[in-house]
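# Examining the three-dimensional arrangement
The lines below spell out each chain.
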Amino acid sequence: WESMWDALHDPTLIVLICAALLSLGLGLGLEDPATGWIEGTVILVAVVVVVLVSAINDWQKDKQFQALNDIKDDVKVEVLREGKIQEIS
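One structure accompanies this document, and this report is about it.

Calculation notes
Residues numbered from 1 in each chain as written. Predicted model: local features only at pLDDT ≥ 70, side-chain atom pairs only at ≥ 80, totals over all residues. Heavy atoms only, no water. Helix = DSSP H or I, 4+ residues; strand = E, 2+ residues; numbered from the N terminus. Buried < 20%, exposed > 50% of the residue type's maximum accessible area, 1.4 Å probe, protein only. Contact = heavy atoms within 4.5 Å. Pairing = 2+ DSSP bridges. Axes fitted to C-alpha atoms, helices over the stretch in contact; angles between N-to-C directions. Parallel < 35°, antiparallel > 145°, perpendicular 65-115°, else oblique. Left-handed = near helix turned anticlockwise from the far one by under 90°. Nonpolar A, V, L, I, M, F, W, Y, C, P; charged D, E, K, R; others polar.

### Regarding the overall build of the protein chain
Along its length, the protein chain carries three helices and two strands. For the protein chain, the α and β elements follow one another from N to C terminus as α-α-α-β-β. Dimensions of the protein chain along its principal axes, counting C-alpha atoms only, are 90 × 20 × 15 Å. For the protein chain, the residues scored as buried account for 12% of the 89 residues in total. Across the protein chain, every contact between residues at least 6 apart in sequence was considered, and the portion connecting residues at least 24 apart equals 34%.

### Here we look at the pairing of strand S1 (residues 77-81)
As paired strands, S1 and strand S2 (residues 84-88) are joined by five bridges and run antiparallel to one another. Bridging across to S2, Leu80 finds its partner in Ile85. Linkage of S1 to S2, two consecutive antiparallel strands, is achieved through a turn of two residues, within which Glu82 is found at a positive phi near 50 degrees.

### Looking at the packing of helix H2 (residues 11-30) against helix H3 (residues 38-73)
Between two packed helices, both the angle of their axes relative to each other and the distance between the axes serve to describe the pair. Relative to each other, H2 and H3 sit at 155 degrees, their axes nearing to 7 Å. Here H2 lies roughly antiparallel to H3, going by the angle between them. The handedness of the crossing between H2 and H3 is left-handed. Between H2 and H3, the residues in contact are Leu13, Leu16, Ile17, Ala20, Ser23 and Leu24 and Glu39, Gly40, Thr41, Ile43, Leu44, Val47, Val50 and Val51, respectively. Class assignment of the residues belonging to the contact of H2 with H3 gives a composition of 10 nonpolar, three polar and one charged.

Here it is in C-alpha cells:
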C-alpha cells in the first residue's frame, strides 16, 4: 500500500486526478449525464493503472534488492574444526 500511496504523490498524477474530477463535474453538470461521466472515468482508470503498475514495479525491485542483500550477507568462510577444514556461512 505504501508504494501506491507514494505513486499518488507524483505531480503528473495529481494533475490528472484534478482533471478527471473536473471532467466528471463538468460532464455530469453541463453535458448529457448519460455520457458525460465517461471522459473523467477513463482518466481515473488510467491513473489507477499507472499507480498499480508503478506499485508492482516497486514491489518487484524491493524483492530483488532483498534477494541480493541475502546473497551479500551469506559470506562463506573456511574454518578449521577437529582438524578438518570446513566451509561455513
